Amino acid sequence: MTRRRGRGAPARPAGGAASGRGGSKAAGAGRGPAPGRGAPGRAPAPAARRAPARAAKRGEGIAPRATPSGLPLAPVFLPSDLPRDLARRTPPPGEPPYTRGVHSGMYRSRLWTMRQYAGFGSARQTNQRFRFLLDEGQTGLSVAFDLPTQMGYDSDHPLARGEVGKVGVAISCLADMEELLEGLPLDAVTTSMTINATAPLLLAFYVAVADARGIPRAALGGTVQNDVLKEYIARGTYIYPPAASLRLVTDVFEFTAREVPQWNSISVSGYHMREAGATAVQELAFTLADGLAYLEAARARGLDLPRIARRMSFFFNAHSHLLEEVAKFRAARKLWADSLRERFGITDREALKLRFHTQTAGSTLTAQQPLNNVVRTTVQALAAVLGGTQSLHTNSFDEALGLPGRDAALLALRTQQLLAHESGVADTADPLAGSYAIEALTAALEAAARGLLERIDAMGGMLEAIASGWVQEQIHLAAYRWQLEVESGDRVVVGVNRFAEDVPPPAPPFRHDQTIEEARRRALAEWRHSRDAAATRAALERLTRAARGSDNLMPPILAALQARATLGEVCDALRDVFGVHRPGPSR
């Protein structure tokens, strides 16, 4: 997940061409009112007089509209718009292909995990925010790391200057992770860590803390994002070339399957691609294509695919077009289950389940009239719940201005709690099932995403599609179309290009503590001074030798960190072997 910064008209990129048709399948052409169904006490009108009413019912003469992805929206959906194989597509929740949800009872059995994303400044500050949120009813942790940590640099590295603790928490050594997790029940709460290029290190830090506390690794639950492919597509916090990165991803798969069996070894993320400009269709297709590429890498390693698939999770964006977003989540589950059967022959029911976390759309937040963001976030969170998410983060209304303030973060959590306990949407599984509009859009999203997957296959797979620049180009074009629509006024952004006020945005609610960077420099100097330098050096040398071979790198990474090597030192050892990725021009 990325931090959002304020701007004027949001460059929220998601839209394909806004073209469509007035009535789907002629909106039930040839149908009219049943004989005798006029107004009470009146004789049925002659056919000539009934024709205009019939035309209005079909939506003829009404301007066409489309979803932000360009899928046609009929003015009224009719039974004829339902997929012909609806019964096969939508068995009860808990039954493959899981269109209606991965659990039979859904939220009646267990609510989604309320997992608010947090991280800033020092480990102690972030720990305090975690404790506050848990006290207020949050049910899972989600850690944001600063850019130096994401890029494999210690807080005192020259390239880290000015970025330490700014968009997440700074973690450079084992002491930092111990402070971050101080007093938190690691065997009773699940923790999600949004980290990719350095995912093996942050997972190793977490395991090392648990080991020191005597907590069995098998008792640890959580997720490490570990999705480096989308970094080459949309986000840019990669370090090594793709082949080395995939090796590390699969090392995590193998290590967690053996050592931390309740841990989700990857969170395949469409969120960042959506923030960068992808449409809902592109987000769905490109995310699943990345997931399939990871399974191909696991198969090449000789790993047990059903076992790996059971611990894969996904991470989607929730935007403001409620109908399209609900349909997207439903289509994702079906398309993933079908793809695993078709491509890998997987029939394990648990492995076929697409489980996902959702975050509301940071790129839709506006610095202008920021209280409007409360409504945007609520609509987006409602879409995620109606779509059957397993975990949810709701953005704070002030995040277009800066890091969220305490009161705004609490209101974001309360938004989830109100949906869970007051709205009634959690009382029945997949409550929009059978809706003509939702079922038609679910089928349309699946078909459109399947078409993109077929194009990717024709290119030789997702790795080749990324290397050629095709995936990135599709997202850039979608972002450009969206921005043109916002600037022309064809796409309304309330408070920005319509219903605007001549009032400057308020000041950021949260100010970064500039003294943190110097304090961390001193702490790291003391950390290095007090350690056994020879033991640290020997551990790093063992890691380098392992990297030159083919062994799983998680054990030597963990050993090096326990020998008090820093994150930057471990990443430097791997850079010396793997090199760094330098993006070139698209082919």
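Residues numbered from 1 in each chain as written. Predicted model: local features only at pLDDT ≥ 70, side-chain atom pairs only at ≥ 80, totals over all residues. Heavy atoms only, no water.

Undergrad: For the sheet that holds strand β7 (residues 222-224), give the residues involved together with the corresponding values.
TA: Pairing is parallel across the open sheet formed by five strands, whose spatial order is β4-β5-β6-β7-β8. Two strands close off the open sheet at either side, each with one partner strand: β4 (117-118) and β8 (263-264). As paired strands, strand β5 (residues 141-144) and strand β6 (residues 191-194) are joined by four bridges and run parallel to one another. Residue pairing across strands places Val143 opposite Met193, the latter belonging to β6. (Pairing = 2+ DSSP bridges. Helix = DSSP H or I, 4+ residues; strand = E, 2+ residues; numbered from the N terminus.)

Undergrad: Help me get a handle on the sheet that holds strand β11 (residues 356-360), residues and values and all.
TA: Spatial strand order, β3-β12-β11-β10-β9: five strands in an open sheet with parallel pairing. Each edge of the open sheet is held by one strand with a lone partner, namely β3 (113-114) and β9 (266-269). One ladder, built from five bridges, connects strand β10 (residues 312-318) with β11; its direction is parallel. Residue Phe314 lies in a different strand from β11, and its bridge partner there is Phe356. Against the sheet, helix α13 (residues 372-386) touches β10, β11 and β12 (391-393), its axis set at about 165° to β11. (Contact = heavy atoms within 4.5 Å. Axes fitted to C-alpha atoms, helices over the stretch in contact; angles between N-to-C directions.)

Undergrad: If you had to explain the packing of helix α6 (residues 199-213) against helix α20 (residues 554-562) to someone new, which residues and values would you point to?
TA: The contact between α6 and α20 brings their axes to 9 Å, and the two run at 60°. Considered as vectors, α6 and α20 are oriented oblique to each other. Along this stretch, α6 crosses α20, giving a crossing that reads as right-handed. From α6, Pro200, Leu201, Leu203, Ala204, Phe205, Val207, Ala208 and Asp211 reach across to α20, where they touch Met554, Ile557, Leu558, Leu561 and Gln562. (Parallel < 35°, antiparallel > 145°, perpendicular 65-115°, else oblique. Left-handed = near helix turned anticlockwise from the far one by under 90°.)

Undergrad: I'd love a proper account of unusual backbone geometry, names of residues and values included.
TA: The amide bond that connects Pro96 to the next residue, Pro97, takes the cis arrangement and shows omega of 5°. Along the chain, Pro97 turns up in the loop between α2 (86-89) and β3. Of note, the phi angle at Asp430 is positive, near 45°, even though the residue is not glycine.

Undergrad: An account of the pattern of salt bridges is needed here, citing residue identities and associated values.
TA: By the definition in use, this model includes 38 salt bridges. The residue Arg330 makes a salt bridge to Asp430 at a minimum N-O spacing of 2.9 Å. Of the two residues, Arg330 sits in helix α12 (residues 322-344) while Asp430 sits in the loop between α14 (406-421) and α15 (436-459), which places them 100 residues apart along the sequence. Where Arg450 meets Glu446, a salt bridge forms, and the shortest distance between an N and an O atom there is 3.5 Å. Of this pair, Arg450 and Glu446 both sit in helix α15, four residues apart, which is roughly one turn of the helix. Given a relative accessible area of 5%, Glu446 falls into the buried group. Among the ionic contacts, a cluster of salt bridges with common partners joins Arg89, Lys334, Asp338, Arg341, Glu342, Glu446 and Arg450. (Salt bridge = Lys/Arg side-chain N within 4 Å of Asp/Glu carboxyl O. Buried < 20%, exposed > 50% of the residue type's maximum accessible area, 1.4 Å probe, protein only.)

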